[in-house]
Amino acid sequence: MVKIKIIFAVLVMNLSWVLFCSVDASVSYDNKAIIINGRRRILISGSIHYPRSTPEMWPDLIQKAKDGGLDVIQTYVFWNGHEPSPGKYNFEGRFDLVRFVKIAQQAGLYVNLRIGPYVCAEWNFGGFPAWLKYVPGMAFRTDNEPFKVAMQGFTEKIVSMMKSEKLFEPQGGPIIMSQIENEYGPVEWEIGAPGKSYTKWFASMALGLDTGVPWIMCKQEDAPDPIIDTCNGFYCEGFTPNKPTKPKMWTEIWTGWYTKFGGPVPYRPAEDLAFSVARFVQNNGSFFNYYMYHGGTNFGRDSAGLFIATSYDYDAPLDEYGLKREPKWGHLRDLHKAIKLCEPALVSAYPTVWSLGKNSEAHEFRSKAGDCAAFLANYDTSSSAKVTYFNKQYDLPPWSISILPDCKTAIFNTAKVSSLGSHMKMLPVSTVDFPWQSYNEEAPNSDDSDTLEMMGLYEQLNITRDSSDYLWYLTDVNIASDEGFLKNGDDPVLNIVSSGHSMQVFVNGQPSGIAYGRLENPKATFSGNVKLKAGINKISVLSAAVGLPNVGVHYEKMETGILGPVTLKGLNEGTRDLAKQTWSYKVGLKGETLSLHTLGIGSSVRWLAGSLVVQKRPLSWYKATFNAPEGNDPLALDMSSMGKGQMWVNGESIGRHWPANIASGASCGACNYAGTYNEKKCLSNCGEPSQKWYHLPRSWLKPTGNQLVIFEEWGGDPSGISLVRRTP
Ligand SMILES: *[C@@H]1O[C@H](CO)[C@@H](O)[C@H](O)[C@H]1NC(C)=O
Ligand SMILES: *[C@@H]1O[C@H](CO)[C@@H](O)[C@H](O)[C@H]1NC(C)=O
């Protein structure tokens, strides 16, 4: 009996092995590589986030990715876009995930679906819906029952959607792997035990979904088997997965870095980017993904807190507008061709490594079948190296790697860029101007009927639930007629501390100043003399969020809005504390309530036209109708003459504008490609607006009668707004 059982088990094992090998569609892995349909593969991947472009742009972006030598498109899944309120799903337009995956499939590319559902991604609230925070008992990304229920619910929703569309590779689809959580290792390390049990839980939850393709976790050294832990960074050659049975994968090669309002624009030289990739591959790396291959745009209110700009260009090989960024795109294409020629050797041998001299090395992959590929590297940051490899001399520029797919001919060197550069231009479209009309938004006050009155100061998100960037904080200050300042003219000083991100102060309806946080520190402090009269004075403060935080341990606890102190100094009594008195709250702008930005609605509103159009007035709405210019060049708005606010075309939100936030506190000197790169090394735009151009997707325009709407918080000159087109 026992014997029979054993024989039977052996039979079953053999059978499943045979099945496994003979079934056409399968994805597995070993220590060398991801194995698709029985073949080890060197896989070249690029991140394109579907909501950061329009569906009309997707086929072209994906085709250009394919032409650039990519095998895989990697994307996060954006929960807050898909489930804007509990149980109400949205998979339309920019959030049509299935359409995006199918476009990749039609182009013959694979997909790495990073479900998360935490995504970080410089995305609003790290991809979590704002309502999630208010589920009773909620704590994000830890061993917390309400969180786990919600996370599992959404992950299952996405997996079953992909399954029913037959999108996993064993079903004939393009998805060859999925990611659960995202960069959780550092959080787990910080919070300890509950983090460890959360990791165990989400790993087995994911494995239980039975997708038929491998799961990965990035930046998570303790990824439980069989989940593959992967590396993110500017360089990953030194990374090793946590088990010798897993392949060495790089899920985020940072091709540049994101821009923040108030910061300079980072870029990363193509030579160093190619060097980092070649260095990874010569050290056993077999999967690498560019983050981003196309960064795109943070439309709407999608960008994360702490001042992430609307542009998410990232200095990626495809620029924000979907055009090839040269020489980066072409240089990487050439690199990919060279690596693909090495594939037979790379997937069947480990490298033999030896020194070729000071700071130089050879990595040679020689397979039993006779394939040979070599990488000759010079790590010196200032001198080139003349090296000898099998009786031939090779010249290696500083900080470079030459690739020899046959161990004889160097067909590519990471520092020798043969692809031509380009001089991207933004040219004015002279045929389009904007006949502006304006609408005056007034500061509300505590007497208004549609306000919520409470004692003391309240956190902003708790009240807005992120239905708007804006929350009005309204209060009254009673000034006795015997106040000294009324006679001596020494106006009292109003002090307001906000936890973020910007505020605009009105006293008795008059603009009295602005304050905003800076980059890493979202806190804003207003301090200024204010004109007060005897009797009741109306203080109205417009607090604006610039996205919700997306990163940090329990970032859901970070506060936004005016939480004090709020004081009035220079009264007879000395300093009056205003924080604990009665405040009234009003969510959003009047213009938002009237839907001024929505096409066709709000037409009952009286707009001012011609000479009545206001300029430099805080809290102004502008509207203009225009015809689309001819041609296919991507379009943008040059907003240099404006301050801060939001823009819409035909009811679609273009995003937040903030050209008045100037890139400061950094130096934009020359940038040498050689040497270890970081995001502070190569910068541009110092002393200029961090972002003055705002992408206006062609697909949002009709031939005629397009409606552009702008809300300006600070006061700008709309006559300075122009339409520009991007030309290579
Ligand atoms: C490549 O992987 C093999 C097997 O894990 C290992 O022995 C070797 O040291 C690795 N080589 C390099 C250059 O990383
Ligand atoms: C959230 O706002 C409500 C009023 O809408 C208030 O009762 C509650 O205390 C607030 N919670 C926090 C944590 O501020």
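Residues numbered from 1 in each chain as written. Chains lettered and ligands numbered in written order. Predicted model: local features only at pLDDT ≥ 70, side-chain atom pairs only at ≥ 80, totals over all residues. Heavy atoms only, no water.

An unreviewed UniProt entry lists the chain under the name Beta-galactosidase, with Daucus carota subsp. sativus as the source organism. Among the UniProt annotations of the chain, the heading Sequence similarities (unreviewed entry) holds the following wording: "Belongs to the glycosyl hydrolase 35 family." In UniProt, the chain has this text filed under Catalytic activity (unreviewed entry): "Hydrolysis of terminal non-reducing beta-D-galactose residues in beta-D-galactosides." (UniProt positions renumbered as here; feature names shortened; annotations may be inferred.)

### A few points about the nonpolar core
The biggest cluster of nonpolar side chains holds 134 residues, and the ones touching the most others in it are Met162, Phe288, Tyr290 and Leu335. Those residues within four positions of Phe288 in sequence are excluded, and the remaining contacts are Leu43, Ile44, Ser45, Trp250, Ile253, Val277, Phe280, Val281, His336 and Ile339. In this structure, Leu306, Phe434, Leu637 and Ile654 belong to the second largest nonpolar core, which totals 32 residues. (Core = buried A, V, L, I, M, F, W, Y, C linked by side-chain atoms within 4.5 Å. Buried < 20%, exposed > 50% of the residue type's maximum accessible area, 1.4 Å probe, protein only. Contact = heavy atoms within 4.5 Å.)

### Topic: the UniProt feature "domain: Beta-galactosidase galactose-binding" (unreviewed entry) in the chain
Following the UniProt record, one finds the feature "domain: Beta-galactosidase galactose-binding" (unreviewed entry) at residues 470-537 and 620-706. Annotation note: span residues 470-537, helix share 7%, strand share 56%, distance between end C-alpha atoms 22 Å. From the first C-alpha to the last, residues 620-706 spans 20 Å; its make-up is 0% helix and 33% strand. (Helix = DSSP H or I, 4+ residues; strand = E, 2+ residues; numbered from the N terminus.)

### What to know about the site of ligand 2
All residues adjacent to ligand 2 are Met454, Tyr458 and Asn462. Within the side chain of Asn462, a nitrogen or oxygen atom sits 2.3 Å from an oxygen atom of ligand 2. Bound to the protein, ligand 2 loses 39% of the 360 Å² it would expose on its own. (Near = heavy atom within 4 Å. Polar contact = N/O pair within 3.5 Å; in protein donor to acceptor, adjacent residues only side chain to side chain. Areas by Shrake-Rupley, 256 points an atom, 1.4 Å probe, with all protein chains shown as cover.)

### Observations concerning helix α5 (residues 145-164)
Taking 1.5 Å per residue as the helical rise, α5 with its 20 residues ought to reach 28 Å, and the 28 Å between its terminal C-alpha atoms agrees with that figure. Among all positions in α5, only Phe147, Lys148, Ala150, Met151, Phe154, Thr155, Ile158, Val159, Met161 and Met162 are buried. In this structure, the buried side of α5 is in contact with α3 (79-82), α4 (97-106), β6 (110-116), β7 (175-180), α7 (193-207) and β8 (215-218). The opening residue of α5 is Asn144, an N-cap whose side-chain oxygen sits 2.8 Å from the backbone nitrogen of Phe147. The positive-phi residue at the C-terminal boundary of α5 is Lys166, with phi of around 55°. (Expected span 1.5 Å × (residues − 1).)

### Digging into the site of ligand 1
Taken together, Asn31, Asn283, Asn284, Tyr350, Pro351 and Val353 make up the full set of residues near ligand 1. Asn284 places a polar side-chain atom, nitrogen or oxygen, 2.2 Å from an oxygen atom of ligand 1. Summarising the interface, the protein chains cover 51% of the accessible area of ligand 1, which totals 360 Å² for the free molecule. Taken together, the residues of the shell around ligand 1 sort by class into 3 nonpolar, 3 polar and no charged. (Nonpolar A, V, L, I, M, F, W, Y, C, P; charged D, E, K, R; others polar.)

### Points about unusual backbone geometry
Between Gly116 and Pro117 the backbone carries a cis peptide bond, its omega angle lying at 0°. Here Pro117 shows up in the loop between β6 and α5. A cis amide bond links Tyr291 with the next residue in sequence, Met292, at an omega value of 0°. Mapped onto the fold, Met292 is located in strand β12 (residues 285-294). One non-glycine residue with positive phi stands out, namely Phe390, at about 45°. If you trace the backbone, Phe390 turns up in the loop between β16 (385-389) and β17 (392-396). Its identity is not glycine, yet Trp399 carries a phi of approximately 50°, on the positive side. The residue Trp399 is located in the loop between β17 and β18 (400-404) in this model. The exposure class of Trp399 is buried, given its relative accessible area of 5%.

### Here we look at the sheet that holds strand β29 (residues 562-571)
Taken together, the 4 strands give an open sheet; going across it, the order is β27-β24-β29-β30, and neighbouring strands pair in antiparallel fashion. With one partner strand each, in any of the chains shown, β27 (524-529) and β30 (574-577) form the two edges of the open sheet. Each strand axis lies, on average, 15° off the axis of its neighbour in the sheet, ignoring direction. (Pairing = 2+ DSSP bridges. Axes fitted to C-alpha atoms, helices over the stretch in contact; angles between N-to-C directions.)

### Focus on the sheet that holds strand β34 (residues 635-638)
The sheet built from 4 strands is open, its strands ordered β20-β40-β34-β38 with antiparallel pairing. The open sheet terminates on both sides in strands that have one partner only, identified here as β20 (425-428) and β38 (693-696). Adjacent strand axes in the sheet meet at a mean angle of 40° when their direction is disregarded.

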